[in-house]
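# Chains, contacts and geometry: an overview
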Amino acid sequence: MYMAIMGHGVVGSGVAELLHKNYDSIVKRSTVDSLDLKYILDLRDFPGDPNEDKFIKDFNIILNDDDVKIVVETMGGLHPAYEFVSSCLKAGKSVVTSNKELVAEKGYELLKIAHEKNVNFLFEASVGGGIPIIRPISQCLAANEIDSIAGILNGTTNFILTKMIDDNMDFSDALKLAQELGYAEKDPTADVDGHDTCRKICILASLCFGNHVYPNSVYTEGIRNITLADVEYVENWGGVIKLLGQSEKLADGKISATVFPSIISNKSPLASVTDVFNAILVTGNAVGETLFYGKGAGKLPTASAVVADVIDSAKHFYKKKEFGWNDTVENYVVDYKELENAMYVRAASSDCEKIKEVFGEVKFLERASAPENEIAFVTDVMKESEFYNKLNSLALETLSVIRVSKY
Ligand code: HSE
């Protein structure tokens, strides 16, 4: 059996390396006679690469070669990945991708084409890098109704927050360090503003709850506004700040789906997930809580998930794996203002009594060397719309608002 890789970046080159490194066991587990890389599509040149003779620049060579049965897409971005993947599926080739943007935006449509063409469209590497999560949800937890899913899904932001918490670095220095170490891109928007986490929670929520969740329906906040003052207050409260992607099954077949920085109690298993690690907490109605932990990014960890999908595709080439979800339904994701959370507030004020008058009993927090005119408190759990009505009625100069997680 022949395969091709589209995109020779970090993940694509890792896939080629892993295929070579573990060739014998990969072929054995694929239950095929051979599994050979025929082409690598990339517009760049890679002189001296061990696969130098396999590089091509024209996608049509892959599309028109009937010997190529499995295509790995590791190009990233929506275009032309979407056009290439959809053409491959329509041509009867199975596709394996690590591209979360592609799956989050076009997953339903591509799964439908794969179903019609009786081929596989697999994307284990699109969430959590090397952490097994798509297959465990769709297979191992298949007997459950999933109640909720919550995760630290972005390694870069978790690294930045860890540096702020452990080393007292402010956001911009921690971001600079993440860029120097190659975790954050030169343009860090997708990571720090939460878009990457949003795409991943869309994929997980679609899989867990059965209808496609599109990124534009998910309320998303990143970590740019988190300050060392917030980190210190939260530490004294007994927790840490993490960027969480969350989704929960609600009444009437609706779901919540959100991405925002969240205050997590030190007692939560998610609190000890540091540096570039990811962790995903899945709660099923039979199994209870399960936690998946590991390296959410990087060359070989991500290639590990891609190649596992290649093995699965080869193994099930003539008997396609059936999994996926339905199209979205109207108003499927509820407005985040309807959700209930306890809220942390930091404001320029010293008027505890006025705050208690409006919010009732709140927990006031302390930190060393806080300016005189600064106050921080945590409210009871309430609807977000109610919280903002109350906060606005106080007319405080609000410096930070962070939701307190229940996970
Ligand atoms: N930029 C992503 C992260 C890469 O930091 O987690 C893996 O999706």
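Residues numbered from 1 in each chain as written. Predicted model: local features only at pLDDT ≥ 70, side-chain atom pairs only at ≥ 80, totals over all residues. Heavy atoms only, no water.

### So, the nonpolar core
Grouped together as the largest cluster of nonpolar side chains are 109 residues, with contacts concentrated most on Phe121 and Leu204. The greatest single-element share of this core, amounting to nine residues, is contributed by helix 10 (residues 195-209). Excluding anything up to four places from it in sequence, Phe121 contacts Val85, Leu89, Val95, Thr97, Val103, Leu110, Leu111, Ala114 and Phe323. Counting residues in each nonpolar core, the second largest holds 13 residues, with Met343, Phe359, Met382 and Phe387 among its members. (Core = buried A, V, L, I, M, F, W, Y, C linked by side-chain atoms within 4.5 Å. Buried < 20%, exposed > 50% of the residue type's maximum accessible area, 1.4 Å probe, protein only. Helix = DSSP H or I, 4+ residues; strand = E, 2+ residues; numbered from the N terminus. Contact = heavy atoms within 4.5 Å.)

### Things to note about the pattern of salt bridges
Inspection of the entire model under this criterion finds 25 salt bridges. Measuring nitrogen to oxygen at the nearest pair gives 3.0 Å for the salt bridge that ties Asp167 to Lys163. Residue Asp167 and its partner Lys163 are located together in helix 7 (residues 155-167), separated by four residues, close to a single helical turn. Residue Asp230 pairs with Arg346 through a salt bridge whose shortest N-O separation is 2.8 Å. (Salt bridge = Lys/Arg side-chain N within 4 Å of Asp/Glu carboxyl O.)

### Comments concerning unusual backbone geometry
His79 connects to Pro80 through a cis peptide bond whose omega is 10 degrees. Along the chain, the position of Pro80 falls in the loop between strand 4 (68-73) and helix 4 (81-90). Here the phi dihedral of Asp252 falls at roughly 60 degrees; this positive angle occurs in a residue that is not glycine. Within the secondary structure layout, Asp252 lies in the loop between strand 9 (239-249) and strand 10 (255-265). Residue class for Asp252 comes out exposed when judged on its relative accessible area of 74%. Its identity is not glycine, yet Asn331 carries a phi of approximately 55 degrees, on the positive side. By the element assignment, Asn331 lies in the loop between helix 12 (299-315) and strand 13 (340-348).

### Remarks on the environment of Lys254
With respect to the element layout, Lys254 can be found in the loop between strand 9 and strand 10. Relative accessible area serves as the criterion here: at 32%, Lys254 is assigned to the partly exposed category. In the structure, Lys254 is positioned 76 residues away from Glu330 in sequence and 9.7 Å away in space, judged by C-alpha atoms. Discounting chain neighbours no more than four positions away, the residues touching Lys254 are Glu248, Lys249, Asn331, Tyr332 and Val334.

### Focus on the domain arrangement of the protein
According to the domain assignment, the protein consists of domain 1 (2-130 + 299-315), domain 2 (134-295) and domain 3 (337-404). Centre-to-centre separation of domain 1 and domain 3, based on C-alpha positions: 49 Å. (Domains from an automatic or database assignment.)

### A closer look at helix 5 (residues 100-117)
Between the first and last C-alpha of helix 5 there are merely 22 Å, a value that for 18 residues lags more than 12% behind the 26 Å anticipated at 1.5 Å per step. Taken as a whole, helix 5 carries its principal kink of about 85 degrees at Lys106. Each element contacted by the buried residues of helix 5 is listed here: strand 4, helix 4, strand 5 (94-97), strand 6 (121-122) and helix 10. With a side-chain oxygen positioned 3.2 Å from the backbone nitrogen of Glu101, the residue opening helix 5 is Asn99. Backbone geometry just after helix 5 places Asn118 at a positive phi near 60 degrees. (Expected span 1.5 Å × (residues − 1). Bend = angle between axes of the 7 residues up to and from the residue. Polar contact = N/O pair within 3.5 Å; in protein donor to acceptor, adjacent residues only side chain to side chain.)

### What to know about the pairing of strand 4
Counting buried positions over the six residues of strand 4 gives five, a clear majority of the element. As judged from the five bridges shared by strand 1 (residues 2-6) and strand 4, these two strands associate in the parallel manner. When the sheet's bridge partners are listed, Met6 is paired in strand 4 with Glu73. By the bridge criterion, four bridges tie strand 4 to strand 5 in an arrangement that is parallel. Each bridged residue has a counterpart across the sheet, and for Glu73 the counterpart in strand 5 is Thr97. (Pairing = 2+ DSSP bridges.)

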